[in-house]
Amino acid sequence: MDLLKSCELCPRKCGVNRLEGEKGVCGIGGKPVVSSAFPHFGEERCLVGSGGSGTVFFTGCNLKCVYCQNYEISHLMAGEEMEIDDLMRVIESLENLGVENINLVTPTHQIAFIMAGFEKAGRPEIPVVYNCGGYENPEVLKLLKDYVDIYMPDFKYGFDEIALRYSKVERYTEYALESLREMVKQKPQPILKGKVLVEGVLVRHLILPNNVESSLKVLELLKPFKDSILLNVMNQYRPMYRAPEYPEIDRRLSVKEYTYILESALDLGFNVIN
Ligand code: SF4
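The sections below set out a description of the structure shown in this document. Starting from 1, residues in each chain are numbered consecutively following that chain's sequence as written. Local features in a predicted model are, by the rule used here, given only for residues with pLDDT of at least 70; side-chain atom pairs are given and counted only at 80 or more, and totals for whole chains, interfaces and linings are based on all residues. Values reported for side chains reflect all heavy atoms of the structure, with hydrogen atoms and water molecules removed beforehand.

1. Concerning the environment of Gly 27
No. 1: Within the secondary structure, Gly 27 is located in the segment before strand E1 (33-40).
No. 2: Only protein chains enter the calculation, and the probe is 1.4 Å; a residue is then buried if its accessible area is under 20% of its type maximum, exposed if over 50%, and partly exposed in between. Gly 27 sits in the partly exposed class, given a relative accessible area of 23%.
No. 3: For the pair Gly 27 and Asn 62, spaced 35 residues apart in the sequence, the C-alpha separation amounts to 8.3 Å. In this text, helices come from DSSP runs of H or I with a minimum length of four residues, and strands from runs of E with a minimum of two, each type numbered from the N-terminal end.

See below:
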(Lines give C-alpha, C1' and ligand atoms only; values in the text may rest on other atoms or scores of the structure.)
Protein backbone atom coordinates (compact mmCIF):
# COMPACT_ATOMS: atom_id res chain seq x y z
CA MET A 1 0.00 0.00 0.00
CA ASP A 2 3.04 2.26 0.37
CA LEU A 3 3.00 2.40 -3.43
CA LEU A 4 -0.06 4.65 -3.14
CA LYS A 5 1.68 7.36 -1.09
CA SER A 6 3.23 8.84 -4.21
CA CYS A 7 1.48 6.88 -6.91
CA GLU A 8 3.57 5.48 -9.75
CA LEU A 9 1.48 2.36 -10.30
CA CYS A 10 1.33 3.19 -13.99
CA PRO A 11 3.56 5.17 -16.39
CA ARG A 12 1.61 8.37 -15.79
CA LYS A 13 3.45 8.58 -12.44
CA CYS A 14 1.03 11.15 -11.04
CA GLY A 15 2.83 11.19 -7.68
CA VAL A 16 -0.39 11.84 -5.72
CA ASN A 17 -0.93 10.52 -2.20
CA ARG A 18 -3.94 8.27 -2.74
CA LEU A 19 -3.96 7.17 0.90
CA GLU A 20 -4.81 10.79 1.76
CA GLY A 21 -7.66 10.70 -0.74
CA GLU A 22 -5.81 12.47 -3.57
CA LYS A 23 -6.64 11.20 -7.03
CA GLY A 24 -4.61 11.04 -10.21
CA VAL A 25 -5.69 10.54 -13.80
CA CYS A 26 -7.29 7.14 -13.09
CA GLY A 27 -9.71 8.75 -10.63
CA ILE A 28 -9.33 6.16 -7.84
CA GLY A 29 -8.13 7.06 -4.34
CA GLY A 30 -7.20 4.86 -1.40
CA LYS A 31 -9.86 2.14 -1.56
CA PRO A 32 -10.90 -0.51 -4.11
CA VAL A 33 -13.82 0.39 -6.37
CA VAL A 34 -15.47 -2.48 -8.24
CA SER A 35 -18.19 -2.34 -10.84
CA SER A 36 -19.21 -6.00 -11.10
CA ALA A 37 -18.01 -9.56 -10.64
CA PHE A 38 -19.42 -12.65 -12.34
CA PRO A 39 -18.53 -15.83 -14.25
CA HIS A 40 -17.96 -14.57 -17.79
CA PHE A 41 -18.55 -16.92 -20.72
CA GLY A 42 -17.66 -14.37 -23.43
CA GLU A 43 -13.90 -14.28 -22.89
CA GLU A 44 -11.40 -16.28 -24.97
CA ARG A 45 -12.28 -19.98 -25.05
CA CYS A 46 -9.06 -20.96 -23.31
CA LEU A 47 -10.09 -18.82 -20.32
CA VAL A 48 -13.75 -19.83 -20.20
CA GLY A 49 -13.46 -23.63 -19.98
CA SER A 50 -16.57 -25.14 -18.42
CA GLY A 51 -16.87 -22.90 -15.35
CA GLY A 52 -16.46 -19.49 -16.98
CA SER A 53 -13.84 -16.84 -16.29
CA GLY A 54 -14.31 -15.21 -12.88
CA THR A 55 -14.20 -11.58 -13.95
CA VAL A 56 -13.84 -8.69 -11.51
CA PHE A 57 -14.37 -5.37 -13.31
CA PHE A 58 -12.44 -2.57 -11.62
CA THR A 59 -13.76 0.97 -11.89
CA GLY A 60 -11.66 3.72 -13.51
CA CYS A 61 -8.69 3.34 -15.83
CA ASN A 62 -5.23 4.77 -16.42
CA LEU A 63 -6.01 5.06 -20.14
CA LYS A 64 -8.51 7.55 -21.50
CA CYS A 65 -9.58 5.83 -24.72
CA VAL A 66 -12.05 8.00 -26.59
CA TYR A 67 -13.76 4.90 -28.00
CA CYS A 68 -13.78 2.96 -24.70
CA GLN A 69 -16.00 -0.10 -25.03
CA ASN A 70 -16.61 -0.08 -21.24
CA TYR A 71 -16.84 3.68 -20.74
CA GLU A 72 -19.56 3.56 -18.06
CA ILE A 73 -17.08 1.75 -15.81
CA SER A 74 -13.81 3.31 -16.94
CA HIS A 75 -14.80 6.94 -17.56
CA LEU A 76 -18.15 7.45 -15.84
CA MET A 77 -16.83 5.58 -12.77
CA ALA A 78 -19.78 3.24 -12.22
CA GLY A 79 -18.91 1.06 -9.23
CA GLU A 80 -18.94 0.55 -5.51
CA GLU A 81 -16.17 1.54 -3.12
CA MET A 82 -15.28 -1.23 -0.70
CA GLU A 83 -12.69 -2.40 1.80
CA ILE A 84 -9.90 -4.75 0.74
CA ASP A 85 -11.47 -7.53 2.84
CA ASP A 86 -14.72 -7.12 0.87
CA LEU A 87 -12.80 -7.39 -2.39
CA MET A 88 -11.26 -10.65 -1.18
CA ARG A 89 -14.74 -11.94 -0.31
CA VAL A 90 -15.91 -11.09 -3.84
CA ILE A 91 -12.99 -13.09 -5.26
CA GLU A 92 -13.61 -15.98 -2.87
CA SER A 93 -17.28 -16.16 -3.82
CA LEU A 94 -16.30 -16.40 -7.50
CA GLU A 95 -13.89 -19.21 -6.67
CA ASN A 96 -16.69 -21.01 -4.82
CA LEU A 97 -18.83 -20.85 -7.96
CA GLY A 98 -16.28 -23.04 -9.74
CA VAL A 99 -14.83 -20.52 -12.20
CA GLU A 100 -11.65 -21.46 -14.09
CA ASN A 101 -9.68 -18.39 -13.05
CA ILE A 102 -9.90 -14.99 -11.38
CA ASN A 103 -9.84 -12.46 -14.21
CA LEU A 104 -8.85 -9.00 -12.92
CA VAL A 105 -10.20 -6.61 -15.55
CA THR A 106 -8.40 -3.23 -15.70
CA PRO A 107 -6.43 -3.88 -12.49
CA THR A 108 -3.40 -1.62 -13.15
CA HIS A 109 -4.45 1.35 -11.02
CA GLN A 110 -5.92 -0.85 -8.25
CA ILE A 111 -3.23 -3.52 -8.08
CA ALA A 112 -1.92 -2.31 -4.71
CA PHE A 113 -5.26 -3.28 -3.11
CA ILE A 114 -5.21 -6.68 -4.79
CA MET A 115 -1.64 -7.42 -3.69
CA ALA A 116 -2.41 -6.32 -0.12
CA GLY A 117 -5.50 -8.55 -0.09
CA PHE A 118 -3.65 -11.58 -1.44
CA GLU A 119 -0.86 -10.98 1.07
CA LYS A 120 -3.33 -11.04 3.94
CA ALA A 121 -5.91 -13.61 2.82
CA GLY A 122 -3.72 -15.76 0.57
CA ARG A 123 -3.91 -15.75 -3.20
CA PRO A 124 -6.61 -17.77 -5.03
CA GLU A 125 -5.83 -21.41 -5.71
CA ILE A 126 -6.97 -21.05 -9.31
CA PRO A 127 -5.02 -19.02 -11.92
CA VAL A 128 -5.06 -15.24 -11.63
CA VAL A 129 -5.39 -13.27 -14.88
CA TYR A 130 -4.01 -9.73 -15.13
CA ASN A 131 -6.23 -8.31 -17.89
CA CYS A 132 -4.84 -4.86 -18.61
CA GLY A 133 -4.52 -2.09 -21.19
CA GLY A 134 -0.80 -2.66 -21.75
CA TYR A 135 0.27 0.77 -20.48
CA GLU A 136 2.04 -0.62 -17.43
CA ASN A 137 4.92 0.26 -15.15
CA PRO A 138 7.37 -2.65 -15.59
CA GLU A 139 8.74 -2.08 -12.08
CA VAL A 140 5.28 -2.78 -10.66
CA LEU A 141 4.89 -5.88 -12.82
CA LYS A 142 8.02 -7.30 -11.20
CA LEU A 143 6.14 -7.27 -7.89
CA LEU A 144 3.35 -9.41 -9.35
CA LYS A 145 5.51 -12.42 -10.09
CA ASP A 146 3.96 -14.64 -7.39
CA TYR A 147 0.42 -13.32 -7.71
CA VAL A 148 -0.29 -13.50 -11.44
CA ASP A 149 -0.38 -16.63 -13.62
CA ILE A 150 -1.71 -15.25 -16.89
CA TYR A 151 -0.91 -11.82 -18.26
CA MET A 152 -3.47 -10.58 -20.76
CA PRO A 153 -2.36 -7.13 -21.95
CA ASP A 154 -3.82 -5.18 -24.81
CA PHE A 155 -1.36 -3.97 -27.40
CA LYS A 156 -3.47 -1.18 -28.82
CA TYR A 157 -1.28 0.91 -31.08
CA GLY A 158 1.76 0.68 -33.28
CA PHE A 159 2.47 4.41 -33.16
CA ASP A 160 2.72 6.78 -30.20
CA GLU A 161 0.93 9.62 -31.96
CA ILE A 162 -2.11 7.41 -32.40
CA ALA A 163 -1.96 6.41 -28.73
CA LEU A 164 -1.88 10.09 -27.84
CA ARG A 165 -4.81 10.86 -30.12
CA TYR A 166 -7.09 8.07 -28.95
CA SER A 167 -5.94 7.21 -25.40
CA LYS A 168 -4.27 10.45 -24.26
CA VAL A 169 -1.02 8.75 -23.26
CA GLU A 170 2.60 9.39 -24.12
CA ARG A 171 5.26 6.79 -24.99
CA TYR A 172 2.67 4.01 -25.26
CA THR A 173 4.70 1.67 -27.47
CA GLU A 174 7.80 1.95 -25.31
CA TYR A 175 5.93 1.12 -22.08
CA ALA A 176 3.81 -1.57 -23.72
CA LEU A 177 6.91 -3.28 -25.12
CA GLU A 178 8.90 -2.98 -21.91
CA SER A 179 5.94 -4.38 -19.97
CA LEU A 180 5.49 -7.24 -22.40
CA ARG A 181 9.17 -8.08 -22.02
CA GLU A 182 8.72 -8.40 -18.25
CA MET A 183 5.54 -10.47 -18.64
CA VAL A 184 7.22 -12.90 -21.03
CA LYS A 185 10.25 -13.11 -18.75
CA GLN A 186 7.94 -14.28 -15.96
CA LYS A 187 5.76 -16.54 -18.16
CA PRO A 188 7.91 -17.63 -21.10
CA GLN A 189 5.49 -20.21 -22.52
CA PRO A 190 1.73 -20.74 -22.49
CA ILE A 191 0.76 -23.75 -20.37
CA LEU A 192 -2.62 -25.40 -20.90
CA LYS A 193 -4.41 -27.96 -18.74
CA GLY A 194 -6.62 -29.69 -21.23
CA LYS A 195 -8.00 -26.78 -23.22
CA VAL A 196 -7.75 -24.25 -20.40
CA LEU A 197 -4.87 -21.82 -20.11
CA VAL A 198 -3.29 -21.90 -16.66
CA GLU A 199 -0.15 -19.85 -17.28
CA GLY A 200 1.27 -17.60 -19.97
CA VAL A 201 0.87 -14.34 -21.86
CA LEU A 202 -2.11 -13.67 -24.10
CA VAL A 203 -1.94 -10.42 -26.04
CA ARG A 204 -5.11 -8.79 -27.35
CA HIS A 205 -5.16 -6.37 -30.25
CA LEU A 206 -8.43 -4.59 -31.01
CA ILE A 207 -8.29 -3.51 -34.63
CA LEU A 208 -9.58 0.04 -35.17
CA PRO A 209 -11.24 1.10 -38.43
CA ASN A 210 -9.01 3.07 -40.80
CA ASN A 211 -5.96 2.04 -38.75
CA VAL A 212 -4.52 -0.85 -40.74
CA GLU A 213 -1.02 0.71 -40.68
CA SER A 214 -1.07 0.87 -36.91
CA SER A 215 -2.21 -2.78 -36.67
CA LEU A 216 0.53 -3.91 -39.05
CA LYS A 217 3.06 -2.03 -36.94
CA VAL A 218 1.70 -3.77 -33.82
CA LEU A 219 2.38 -7.13 -35.48
CA GLU A 220 5.89 -6.00 -36.35
CA LEU A 221 6.54 -4.92 -32.75
CA LEU A 222 5.13 -8.18 -31.39
CA LYS A 223 7.05 -10.38 -33.80
CA PRO A 224 10.09 -10.95 -31.52
CA PHE A 225 7.68 -12.40 -28.91
CA LYS A 226 5.65 -14.55 -31.27
CA ASP A 227 6.95 -17.90 -30.01
CA SER A 228 6.12 -17.03 -26.40
CA ILE A 229 2.67 -15.46 -26.64
CA LEU A 230 -0.86 -16.24 -27.73
CA LEU A 231 -2.44 -13.50 -29.84
CA ASN A 232 -6.09 -12.54 -30.18
CA VAL A 233 -6.76 -10.21 -33.10
CA MET A 234 -10.12 -8.70 -32.22
CA ASN A 235 -12.78 -7.44 -34.59
CA GLN A 236 -15.52 -6.41 -32.16
CA TYR A 237 -14.87 -2.66 -32.19
CA ARG A 238 -17.99 -0.49 -31.89
CA PRO A 239 -17.84 3.32 -32.23
CA MET A 240 -18.78 4.15 -28.64
CA TYR A 241 -18.41 7.01 -26.17
CA ARG A 242 -16.58 9.92 -27.90
CA ALA A 243 -15.77 8.02 -31.12
CA PRO A 244 -18.14 10.23 -33.18
CA GLU A 245 -15.75 13.15 -32.50
CA TYR A 246 -13.09 11.22 -34.46
CA PRO A 247 -14.68 10.61 -37.87
CA GLU A 248 -12.14 8.01 -38.99
CA ILE A 249 -13.09 5.63 -36.17
CA ASP A 250 -16.79 6.41 -36.20
CA ARG A 251 -17.79 3.15 -37.87
CA ARG A 252 -17.53 -0.61 -37.41
CA LEU A 253 -14.52 -2.50 -38.73
CA SER A 254 -14.89 -3.82 -42.26
CA VAL A 255 -14.53 -7.52 -43.03
CA LYS A 256 -11.70 -6.61 -45.40
CA GLU A 257 -9.73 -4.80 -42.69
CA TYR A 258 -10.19 -7.66 -40.25
CA THR A 259 -9.28 -10.38 -42.73
CA TYR A 260 -6.18 -8.50 -43.82
CA ILE A 261 -4.81 -8.15 -40.27
CA LEU A 262 -5.79 -11.68 -39.28
CA GLU A 263 -4.08 -13.18 -42.33
CA SER A 264 -1.02 -11.00 -41.76
CA ALA A 265 -0.77 -12.33 -38.18
CA LEU A 266 -1.11 -15.93 -39.39
CA ASP A 267 1.45 -15.37 -42.16
CA LEU A 268 3.94 -14.06 -39.61
CA GLY A 269 3.52 -17.28 -37.62
CA PHE A 270 1.66 -15.99 -34.57
CA ASN A 271 -0.25 -18.46 -32.42
CA VAL A 272 -3.62 -16.79 -33.07
CA ILE A 273 -6.54 -17.71 -30.81
CA ASN A 274 -10.04 -16.38 -30.15
S1 SF4 B 1 -2.44 4.54 -11.16
FE2 SF4 B 1 -3.69 6.42 -11.31
S3 SF4 B 1 -2.82 7.85 -9.80
FE4 SF4 B 1 -1.33 6.19 -10.09
S5 SF4 B 1 0.08 6.95 -11.63
FE6 SF4 B 1 -1.50 5.80 -12.75
S7 SF4 B 1 -3.11 7.28 -13.31
FE8 SF4 B 1 -1.78 8.23 -11.76
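Now that the structure has been shown, the text picks up again.
2. Regarding the site of the ligand
No. 1: Whether a residue is near a molecule or strand depends on its heavy atoms: if one lies within 4 Å, it is near. Near the ligand the following residues occur: Cys 7, Leu 9, Cys 10, Arg 12, Lys 13, Cys 14, Arg 18, Gly 24, Val 25, Cys 26 and His 109.
No. 2: Gly falls in the polar group here, along with every residue not listed as nonpolar (Ala, Val, Leu, Ile, Met, Phe, Trp, Tyr, Cys, Pro) or charged (Asp, Glu, Lys, Arg). Among the residues forming the shell around the ligand, the class breakdown is six nonpolar, two polar and three charged.

3. Looking at the pattern of salt bridges
Side-chain pairs of opposite charge can arise whenever the charged atoms involved come near each other.
No. 1: What counts as a salt bridge is simple: a side-chain nitrogen of Lys or Arg found within 4 Å of a carboxyl oxygen of Asp or Glu. Applying the stated criterion to the full structure yields 16 salt bridges.
No. 2: For the salt bridge of Arg 165 with Glu 248, the shortest nitrogen-to-oxygen distance reads 2.9 Å. Here Arg 165, found in helix H6 (residues 160-167), pairs with Glu 248, found in the loop between strand E9 (229-234) and helix H9 (255-267); they are 83 residues apart in sequence, far enough to count as distant.
No. 3: Residues joined in a network through salt bridges with shared partners are Glu 43, Glu 44 and Arg 204.

4. Side note on the packing of helix H8 (residues 212-222) against H9
No. 1: Between N-to-C directions, angles cover 0 to 180 degrees, with each direction set by a line fitted to C-alpha atoms, over the stretch in contact for helices. Between H8 and H9, the shortest axis-to-axis distance is 10 Å and the interhelical angle comes to 15°. Classified by the angle between their axes, H8 and H9 sit roughly parallel to one another. Both H8 and H9 take part in a crossing whose hand is right-handed. Of the residues in H9, those in contact with Val 212, Ser 215, Leu 216 and Leu 219 of H8 are Glu 257, Tyr 260, Ile 261, Ser 264 and Ala 265.
No. 2: Residues of the contact of H8 with H9, tallied by class, amount to six nonpolar, two polar and one charged. In what follows, roughly perpendicular refers to angles from 65 to 115 degrees, roughly parallel to angles under 35, roughly antiparallel to angles over 145, and oblique to any angle outside these ranges. For any pair of crossing helices, the crossing counts as left-handed if the nearer helix is rotated counterclockwise from the farther one by less than a right angle, and right-handed if it is rotated clockwise. Contacts between residues were defined by any pair of non-hydrogen atoms, one from each residue, lying within 4.5 Å.

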